[in-house]
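# What the coordinates show
Here is how the chains run, residue by residue.
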Amino acid sequence: MQTDKLIFTNPATGEKFGEMPMTSPETVALYRQEMGRAAAVWRQKTLAERVRILKQFQGVLIEAVDEISAVLNQDCGKTRQDGLIELFITVDLLHQYCNHAARWLRRKSIWPGLYFFRRYYTEQRPYGTVAVIGPWNYPLIMVLGPALAALAAGNTVIVKPSEVTAATGQLIEKLLQRVPDLAPFVRVVHGDGRVGEALVRSKPELVFLTGSTPTGKRVSQVAAENLTPVIFELGGKDAMIVLEDADVDAAARWGVWGAFFNAGQTCMAVERVYVVESVYDAFVERVLHYTREFKMGYTPAVESPYSLGPLTFQRQVTIMEQHLQDALAKGARILAGGQRREMFAEPTVVVNVDHDMLLMREETFSPVMPIMKVKNEAEAVRLANDSQYGLGAYIWTGDLQRGQRLGQQIEAGTIVINDVLSHFAVTQLPFGGVKQSGNGRVHGEQDLLQFTQTHAYAVGRPPLPFDIATVLRQPGYYWLGDAVLKLVFGVTPRQRLEPLRELLPAELPSVPPTTRRTANNLATAGTLMALATLLLSIWRWRK
Ligand code: TXE
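Let me begin by describing the structure that accompanies this report. All figures in this text were calculated on a predicted structure; none of them were measured in a lab.

Moving on, we get to the overall build of the chain. A tally of regular secondary structure across the chain gives 19 helices and 21 strands. Expressed as a percentage of the 543 residues in the chain, the buried residues total 52%. Contacts spanning at least 24 positions in sequence make up 71% of the contacts within the chain whose residues lie at least 6 apart. Surface summary for the chain: the accessible area is close to 24,400 Å², and the carbon and sulfur share equals 57%. Side chains of the chain give 57 positive and 54 negative charges; the mean places of these two sets differ by 10 Å.

So, in structure tokens, the structure goes:
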């Protein structure tokens, strides 16, 4: 394995522009130990100190804009501008973590229940060392996003970028080393799935994988051996629904952008389209119009005339062609595209599709837009849910209420009404899937919290003799438990007042008025005391 090399290849030109050795299993194990030791030091730092150091890294990223966009352009074939957009969202994410970590990771007071005289709260503690394994389609943000969130939450990190875009992995390591205060707390290992597996086997406290669903299953099998928790951001087969009251032109224009942006190599790409029959022909006509506007090509220049670059990874070419052949064999028709020149695949529009075809079931991850005619919204929702995936879904309609109502019926992590893809750029909006698309939620508060574990604290003096909860530990207080149960949780005045009624003798003996008054005062005092301590505990809890 020591001799294994990663070759840097530009998918647009086939040019080899560099290489580096894969990380050996011994080095993976060594880094695991180092990061294990460093974890105690990093988590001891105050959050403010961690934020100060991460802000330095934000500065490094901004300094390196052109360097980063150039490497992404060479490594993935995406335009420099698309590379800049990826960096933009990465910096925005880091900015949010730094600005909101204190609030998102704050200590939370917990309702004491009957334990009025004790204090309860939770704190978020980092796992320790987190392994972050990334994909090639957005090799910068899909690696730095979770890595920076894990660091902000107090973990040390071992990152394994994708071997397909190894040059970006090498650059990420260089960028991290430009912050001397940060470098001791993060390591980068380079290589293919074997290095990824070695990293999972090194027993980090948590694994975060962004990748395909099949890899997710392999990683969870290895992680299960040590019960290592795993967070998944996996594949998608996002559905787009176009209703009869939609702005058909806009749906077509942005639908093709959602299908062909980054050559369709986006986990939340528009991978299948369902159009209500009354607007089907108009929609297809507009789709073909906007598809013709896509300009395929590649340039290393900052300003590019191209809107569709090459596929990044040979494996995806094979999958795309397999899906197209399978669909054509089962009766589908290609209305636009379908041709490929080396890694450049034309934007392809396919109709007469159905759910017997791989194209409608498996993740194609290429510039292919299959369009299916449906009778109505109910059929569209049924077909949208007929998938093992559940990352995102798009609904085009003129009635926003209707869109949200339908959205609630769709099994996907994010529902977008009248747009596509843009939700990923909203860096406080939780992003992640359901079903086989994963269990993680990046972006926002949940992002940082998922890299921590909740620890609870119960604080107070030794149990007080008059504390109801203490009294109830002793025999002979059934009546008190019964009374408090009804007083506190009774749902009707009758239930609540029952304990008070029992305090009063059934036949009030002709007790001298003074005694009756004393009894009444005692009962009232008891009630007021109980209410007072209730209010006290609410006030204390809210403090
Ligand atoms: O994934 P792969 P790719 C998904 C996207 C598509 C896939 C594309 O939908 O399905 O990712 O990325 C490492 N043990 N998302 O092809 O092949 C491998 O080296 C440990 C979803 O890269 O699964 C690489 O670093 N690691 C996402 C990483 O896993 C292993 C956003 C992913 O590789 C391994 C982007 C093993 N056994 C892409 N085998 C989202 N939902 O947000 C491979 N790897």
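Let's pick the thread back up.
It is worth spelling out the site of the ligand at this point. Near the ligand there are 31 residues, and of these Trp136, Thr215, Leu234, Arg315 and Glu363 occur at the shortest range. Contacts to the ligand include Thr215, whose side-chain N or O atom sits 2.6 Å from an oxygen atom. Between a nitrogen atom of the ligand and a main-chain N or O atom of Leu234, the distance comes to 2.5 Å. Expressed as a share of its isolated accessible area of 840 Å², the protein-covered part of the ligand is 95%. Most atoms of the ligand, that is more than half of them, are within 2 Å of grid points of the largest pocket. Elements supplying a minimum of two residues to the shell around the ligand: α7 (193–201), β8 (206–210) and α8 (213–224). Of the residues in the shell around the ligand, the class split is 12 nonpolar, 11 polar and eight charged.

Okay, the pairing of strand β1 (residues 5–9) next. Along β1, the buried face is formed by Leu6 and Phe8; none of Lys5, Ile7 and Thr9, which line the opposite face, is buried. In terms of strand pairing, β1 meets strand β2 (residues 16–21) through five bridges, oriented antiparallel. Pairing of Ile7 across the sheet is with Glu19, part of β2. Hairpin connection from β1 to β2: six residues lie between these consecutive antiparallel strands, with Gly14 at a positive phi of about 80 degrees.

For the rest of this paragraph, the subject is the sheet that holds strand β7 (residues 186–188). Whenever strands of a sheet pair, they do so through backbone hydrogen bonds, lying parallel or antiparallel. In spatial order, the strands read β7-β6-β5-β8-β9; together these five strands make up an open sheet with parallel pairing. The two strands at the open ends of the sheet, each matched to only one other strand, are β7 and β9 (230–233). If you compare each strand with its neighbour and ignore which way they point, the axes differ by 15 degrees on average. Across five bridges, the pairing between strand β5 (residues 129–133) and strand β6 (residues 156–160) is parallel. Across the sheet, the residue bridging to Thr129 is Thr156, located in β6.

This brings us to the sheet that holds strand β12 (residues 333–336). Spatially, β12-β15-β16-β11-β10-β18-β19 is the arrangement adopted by the seven strands of the open sheet, whose pairing is mixed. Edge positions in the sheet fall to β12 and β19 (414–417), since each has one partner strand and no second. Averaged over neighbouring strand pairs, the angle between their axes works out to 25 degrees when direction is ignored. Relative to the sheet, helix α14 (residues 400–407) contacts β18 (392–396) and β19, its axis offset from that of β19 by approximately 160 degrees.

As a further point, take the side chain of Thr90. Structurally, Thr90 is set in helix α4 (residues 80–104). Residue Thr90 is classed as buried on the basis of its relative accessible area, which comes to 0%. Sequence-distant contacts of Thr90, defined by excluding residues within four places in its chain, comprise Leu61, Leu140, Ile141 and Leu144.

It is worth spelling out helix α10 (residues 277–292) at this point. Along its 16 residues, α10 runs 23 Å from first to last C-alpha, staying within 8% of the 22 Å computed at 1.5 Å per residue. Close packing links the buried residues of α10 with β10 (239–242), α9 (248–260), β11 (272–276), β12, β15 (348–351) and β16 (368–374).

A few words now on the packing of aromatic side chains. Scanning the model with the defined rule gives 12 aromatic pairs in all. Aromatic pair Trp136 and Phe313: ring centres 5.7 Å apart, planes at 65 degrees, arrangement edge-to-face. Here the residue Trp136 occupies a position in the loop between β5 and α5 (141–152), and Phe313 occupies one in the loop between α10 and α11 (314–329), the gap between them amounting to 177 residues. Judged by its relative accessible area of 6%, Trp136 is buried. Taken together through their ring pairs, the aromatic side chains of Trp136, Phe313 and Phe365 make up a single cluster. Above the ring of Tyr121, the side-chain terminus of Arg107 is found at 3.9 Å from the ring centroid.

What follows covers empty space enclosed by the protein. Summed over all chains, the structure comprises two cavities of 30 Å³ or more. Empty space within the largest cavity amounts to approximately 90 Å³. Lining the largest cavity are 15 residues, with Lys78, Asp82, Asn262, Ala263 and Gly309 sitting closest to its centre. Of the residues assigned to the lining of the largest cavity, the class counts are six nonpolar, seven polar and two charged. Volume-wise, the second largest cavity comes out at about 60 Å³. What lines the second largest cavity is a set of 13 residues, among which Arg272, Ala384, Tyr389, Gly392 and Glu411 lie closest to the centre.

Time to look at the layout of surface pockets. Its boundaries defined by the atoms lining it, the largest pocket holds a volume of some 1,000 Å³. Along the wall of the largest pocket there are 49 residues; nearest its centre are Thr210, Gly211, Ser212, Thr215 and Arg315. Of all elements in the fold, only α5, α7, β8, α8 and α11 reach the threshold of two or more residues within the lining of the largest pocket. By residue number, the principal contributor to the lining of the largest pocket is α8, which donates seven residues.

Taken together, the side chains of Leu472, Tyr477 and Trp479 present a nonpolar region at the surface, about 290 Å² in accessible area. Mapped onto the elements, Trp479 comes out in helix α17 (residues 478–489). Classification of Trp479 by relative accessible area gives exposed; the value is 52%.

What counts and how
Chains are numbered independently. Their residues run from 1 in the order of the written sequence. Only residues with pLDDT of 70 or above have their local features reported here, since the model is predicted, and side-chain atom pairs are shown and tallied only from 80 upward, although totals for entire chains, interfaces and linings are computed over all residues. Heavy atoms from the whole structure form the basis of all side-chain values; hydrogens and water molecules are not counted. To qualify as a helix, a DSSP run of H or I must reach at least 4 residues; to qualify as a strand, a run of E must reach at least 2; elements of each kind are numbered from the N terminus. Here the term buried applies to any residue with accessible area under 20% of the maximum for its type, exposed to any over 50%, and partly exposed to those in between, with areas from a 1.4 Å probe on protein chains only. Pairs of residues are marked as contacts when any of their non-hydrogen atoms sit within 4.5 Å. Using a 1.4 Å probe, the Shrake-Rupley method yields the accessible areas, and only the shown protein chains count as cover for residues. Charge counting treats Lys and Arg as positive and Asp and Glu as negative, with His and both chain ends excluded. Charge coordinates come from a single atom per side chain, which is NZ of Lys, CZ of Arg, CG of Asp or CD of Glu. By convention in these notes, a residue is near a molecule or strand provided one of its non-hydrogen atoms lies within 4 Å of it. Between N or O atoms, a polar contact is any pair within 3.5 Å; within protein, one atom must be a potential hydrogen donor and the other a potential acceptor, and residues adjacent in sequence are included only when both atoms are from side chains. Think of a 1 Å grid over just the protein atoms. A cavity is a set of points where a 1.4 Å probe fits yet cannot get out, a pocket is an open set with protein on both sides within 12 Å along at least five of seven lines, and lining residues have an atom within 4 Å of a point. The way we define it, a molecule is inside a pocket or cavity when more than half of its atoms are within 2 Å of that pocket's grid points. Gly counts as polar in this scheme, as do all residues outside two lists: the nonpolar Ala, Val, Leu, Ile, Met, Phe, Trp, Tyr, Cys and Pro, and the charged Asp, Glu, Lys and Arg. If DSSP finds at least two bridges between two strands, the strands pair. Between N-to-C directions, angles span 0 to 180 degrees; the directions come from axes that are lines fitted to C-alpha atoms, helices contributing only their stretch in contact. Expected helix span is given by 1.5 Å per residue-to-residue step, counting one fewer step than there are residues. Two rings from Phe, Tyr or Trp (for Trp, the six-membered ring) form a pair when their centres sit within 6.5 Å of each other. Planes less than 30 degrees apart are called stacked, planes more than 60 degrees apart edge-to-face, and all others tilted. Any Lys NZ or Arg CZ found within 6 Å of a ring centre and within 35 degrees of that ring's normal is scored as a charge over the ring. Grid points are joined across faces, edges and corners, and a volume is the space filled by probe spheres set on the points. Note on patches: the residues involved have over 30% relative accessible area and no salt bridge, like charges join within 9 Å, and the nonpolar side chains Val, Leu, Ile, Met, Phe, Trp and Tyr join within 5 Å. Any Lys or Arg side-chain nitrogen found within 4 Å of a carboxyl oxygen on Asp or Glu counts as a salt bridge.

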